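Each chain, written out:
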Amino acid sequence: MTTTAGRWYLVGALPEDSPAAHLMTRSEDLRYRRSACGAKEARRWTPVDLTGTDVAPCPRCAATLPSHRSTREAEPAVHTQLAFDLPL
């Protein structure tokens, strides 16, 4: 998995059973930062390089990246016009 955009962080007190890296953004309270997915808010966060570690990126945070393609975007866009066969 390649994650080229954004800086990933381990949040709060670790280790967890399966820690996930989050994208942290500024919260309304400047002492805290909130994850892009909204699941984590913390005062402490540690930068992590996802290459060469067993830490996985949070999939909901990854979905907020502009380069992320969801399954709906991956499907070809089909634009059809509605047609009704009405008996005359």
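Residues numbered from 1 in each chain as written. Predicted model: local features only at pLDDT ≥ 70, side-chain atom pairs only at ≥ 80, totals over all residues. Heavy atoms only, no water.

**Thoughts on the overall build of the protein**
Inference 1: Check the secondary structure of the protein and you find 2 helices and 6 strands.
Inference 2: When the helices and strands of the protein are listed from N to C terminus, the series reads β-β-β-β-β-β-α-α.
Inference 3: A buried classification covers 23% of the 88 residues belonging to the protein.
Inference 4: A fraction of 51% describes how many contacts in the protein between residues 6 or more apart in sequence connect residues 24 or more apart. (Helix = DSSP H or I, 4+ residues; strand = E, 2+ residues; numbered from the N terminus. Buried < 20%, exposed > 50% of the residue type's maximum accessible area, 1.4 Å probe, protein only. Contact = heavy atoms within 4.5 Å.)

**Side note on the nonpolar core**
Inference 1: Residues Trp8, Leu10, Ala21, Leu23, Cys37, Val48, Leu50, Val55, Cys58, Cys61, Ala62 and Leu65 constitute the largest nonpolar core, which totals 12 residues.
Inference 2: Contributing elements (two or more residues each) for this core: β1 (8-11), β2 (20-26) and α1 (59-62).
Inference 3: Setting aside residues no more than four positions away along its own chain, Cys58 makes contact with Trp8, Ala20, Ala21, His22 and Cys37. (Core = buried A, V, L, I, M, F, W, Y, C linked by side-chain atoms within 4.5 Å.)

**Examining empty space enclosed by the protein**
Inference 1: Overall, the coordinates contain 1 cavity of 30 Å³ or more when judged by the stated rule.
Inference 2: Empty space within the largest cavity amounts to approximately 30 Å³.
Inference 3: Lining of the largest cavity is provided by Leu10, Val11, Leu14, Glu16, Pro19, Ala20, His22 and Lys40.
Inference 4: Mapped by element, the contributors of at least two residues to the lining of the largest cavity are β1 and β2. (1 Å grid on protein atoms, 1.4 Å probe; cavity = no way out; pocket = protein on both sides within 12 Å on 5 of 7 lines; lining within 4 Å. Points joined across faces, edges and corners; volume = space filled by probe spheres on them.)

Note that every value here comes from positions in space, so none of it alone points to a role or purpose.
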